[in-house]
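# Working through the structure, step by step
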There are 2 protein chains.
Amino acid sequence: MSGTAKTLLYGVGLGPGAPDLMTVRAREVIARADRLVHFCKRGRRGNARATADAIFAPDPAREIELAFPVTTEAEVGDPAYDEPIAAFYEEAAERLAAEMAAGRTLAVLCDGDPFFYGSFMHLWRRLSMRFPCEVVPGVTAMTGAWGEAGAPITWGDDVMTVLPGTLPEAELARRLSDTDAAVIMKLGRNLPKVRRALIAAGLEERAVYVERATMERQVVARLADKADDEAPYFAMVLVPGEGRRL
Amino acid sequence: MSGTAKTLLYGVGLGPGAPDLMTVRAREVIARADRLVHFCKRGRRGNARATADAIFAPDPAREIELAFPVTTEAEVGDPAYDEPIAAFYEEAAERLAAEMAAGRTLAVLCDGDPFFYGSFMHLWRRLSMRFPCEVVPGVTAMTGAWGEAGAPITWGDDVMTVLPGTLPEAELARRLSDTDAAVIMKLGRNLPKVRRALIAAGLEERAVYVERATMERQVVARLADKADDEAPYFAMVLVPGEGRRL
């Protein structure tokens, strides 16, 4: 929805994790919004809210917590996962719609950028035709990662491919063999498979493993030097391009 | 170069163009640096410096302007282009090295993010082993573009491919046919070719044209509705992914 009506729903990108990598606009929108909305796992504080903590102390009267249903054992694509998650987004959207119908502005706190693999998108597609909506773009986690890794990612006419680590091994290997630069997201338990695909593509030596980029306890290592295959879901692997140097 | 030595060289990402899409860290580094360095075409103000103008008034005593040599008529890959450009980076790096040797801190102002197709990278590879260097990541132009276009770019397990419009038409078409989401950068006079490649891949209807995202005189249009093939070099085409909706 566009036009001159006052924006009620903001998807606010908070960047890769370091609080000072928020944009000035993100800080202003968060400071002004009637309600701060964040996603979390039941009983835990969400990443995005934790990033915002450095700037905005928790204020229970102003916060709306959207706690994902517990879906242990079930995988994406399995109705035992998809159905409760879809119901959760439905319910969350209606809860936010009621707030906006009462005239309140909402800032949904998003890790990285709201429109790049973001949970916010599932709210946005339910609400953006009904309420004036705006996205505040953020520094993506991968952008934070290649900066911290000292790894310029694309040079000259390099092609860059972003791959979810959830893809099948053969597809990962095929796509890695056919690109100049790559970012592999959603690692977690996919790391052993991702490593095999990189080896198959002859890229393990060039690959850089990055965990918690820009945050405390950041890890940057050559993947070939990383002895174990333990990785959090939000860790990633970078394959920097080697295009035109001038 | 890493370690505990005081950083002398900062590559500072200024984001897609709107001054309030700079990060808080970018503003702080710029405020503190002894010298602000920016690239420009001879006789013109660089984009990045213009973005910073909103915050930091021009201060001739503090500025270092790196003016690209004129290379009209010559193309990338042609020695008539590559040689003067390489000599320019060499000379620029030595000029900055002399500043740092005198103990001054430098903030190189970069459009978008310094490590994503950035001119800064050519300075970084000449200087980062000699002087303590740090990158301040920025919101990339493409991130600003999909936010403004209301076009969530990747859903679920979508693969995203970033393609320079400079690639040959057949390669563009092949890669566009083999991805879920795409961003085509460096449009300019490549737009007619890019459009043909999108048509060949059956994607013209899904493609969104974005010019000057987040800035004044922004243009967002369905590519199929854009009657002409005029585009500035920094315009781009987005092909949003259509992956898993929950």
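Shown above is the structure to which this text applies.
Just so we're clear, the structure is a prediction, and the values are computed from it rather than from any experiment.

### What about the sheet that holds strand β9 (residues 219-222) of chain B?
Spatial ordering of the open sheet is given by β9(A)-β8(A)-β10(A)-β7(A)-β6(A)-β6(B)-β7(B)-β10(B)-β8(B)-β9(B), a layout of ten strands whose pairing is mixed. Because the sheet does not close on itself, it has two edges, and the strands there are β9 (219-222) of chain A together with β9 of chain B. Strand-to-strand twist of the sheet, defined as the mean angle between neighbouring strand axes without regard to direction, takes the value 15°. Pairing of strand β6 (residues 160-164) of chain B with strand β7 (residues 181-185) of chain B involves five bridges; the strand directions are parallel.

### Points about the pattern of salt bridges
A complete count under the given rule lists 40 salt bridges over all chains for this structure. Asp20 of chain A is paired through a salt bridge with Arg25 of chain B; the nearest N and O atoms lie 2.8 Å apart. Taken as a pair, Asp20 of chain A in the loop between β1 (9-13) and α1 (24-32) and Arg25 of chain B in helix α1 (residues 24-32) lie in two separate chains rather than in one. Using a relative accessible area of 22% as the deciding quantity, one classes Asp20 of chain A as partly exposed. Among the charged side chains, a salt-bridge network with shared partners connects Glu171, Arg174 and Arg175 of chain A together with Asp178 of chain B.

### Points about helix α3 (residues 79-101) of chain B
All names here are of chain B. Helix length check: α3 (23 residues) gives 32 Å between terminal C-alpha atoms against 33 Å at 1.5 Å per residue, within 8%. For α3, every residue scored as buried is listed here: Tyr81, Asp82, Ile85, Phe88, Tyr89, Ala92, Ala93, Leu96, Ala97, Glu99 and Met100. Looking at the packing, one finds that the buried side of α3 touches β1 (9-13), β2 (35-41), β3 (63-68), β4 (106-110) and α4 (120-127). Where α3 terminates, the next one or two residues include Gly103, which has phi positive at roughly 90°.

### A short note on unusual backbone geometry
It is generally the case that most residues other than glycine have a negative phi and that most peptide bonds are trans. Residue and element names in this part refer to chain B. Even without being a glycine, Lys186 presents a positive backbone phi close to 50°. As for its placement among the helices and strands, Lys186 is situated in the loop between β7 and α7 (191-200). Accessibility expressed as a relative area gives 14% for Lys186, which makes it buried.

### Examining the environment of Ser177 of chain B
Looking at the secondary structure, you find Ser177 of chain B in the loop between α6 (169-176) and β7. Separated by 2.8 Å, the side chain of Ser177 of chain B and the backbone oxygen of Ala173 of chain B make a polar contact.

### A short note on the sheet that holds strand β5 (residues 133-136) of chain B
Residues and elements named next belong to chain B. With parallel pairing, five strands are arranged side by side in an open sheet as β3-β2-β4-β1-β5. Sheet topology places β3 and β5 at the edges, where each strand pairs with a single neighbour. Sheet twist, expressed as the mean angle between neighbouring strand axes with direction ignored, is 25°. Summarising the sheet, β1 and β5 pair through four bridges and their orientation is parallel. What sits directly across from Gly11, in β5, is Val135.

### Observations regarding the relation of the copies chain B and chain A
Between chain B and chain A, the superposition needs a rotation of 180° and an axial shift of 0.0 Å, giving an RMSD of 0.0 Å. Such a combination of rotation and displacement between the chain copies is what one expects of a two-fold axis. Scanning chain B for the C-alpha nearest the rotation axis identifies Thr23 of chain B, at a separation of 1.9 Å. Most of the interface of chain B is mirrored in chain A: 100% of its interface residues are interface residues there too.

### Structural notes on the interface of chain B and chain A
Taken together, the 62 residues of chain B in the interface contact 62 residues of chain A. Contact with chain A buries surface across chain B, with Arg25, Phe115 and Leu246 of chain B losing the most and accounting together for 14% of the total. Our enumeration of links across chain B and chain A arrives at eight salt bridges. Residue Asp157 of chain A is joined to Lys186 of chain B by a salt bridge in which the shortest nitrogen-to-oxygen separation is 3.9 Å. Where chain B touches chain A, the interface holds 30 residue pairs in polar contact (both at pLDDT 80 or more). Listed by contribution, the elements that provide at least two residues to the side of chain B that touches chain A are α1, α3, α4, β5, α5 (141-148), β6 and α6 of chain B.

Parameters at a glance
- Residues numbered from 1 in each chain as written.
- Chains lettered and ligands numbered in written order.
- Predicted model: local features only at pLDDT ≥ 70, side-chain atom pairs only at ≥ 80, totals over all residues.
- Heavy atoms only, no water.
- Pairing = 2+ DSSP bridges.
- Helix = DSSP H or I, 4+ residues; strand = E, 2+ residues; numbered from the N terminus.
- Axes fitted to C-alpha atoms, helices over the stretch in contact; angles between N-to-C directions.
- Salt bridge = Lys/Arg side-chain N within 4 Å of Asp/Glu carboxyl O.
- Buried < 20%, exposed > 50% of the residue type's maximum accessible area, 1.4 Å probe, protein only.
- Expected span 1.5 Å × (residues − 1).
- Contact = heavy atoms within 4.5 Å.
- Polar contact = N/O pair within 3.5 Å; in protein donor to acceptor, adjacent residues only side chain to side chain.
- Least-squares fit on C-alpha atoms with pLDDT ≥ 70 in both.
- Buried area = accessible area lost by both parts, 1.4 Å probe.

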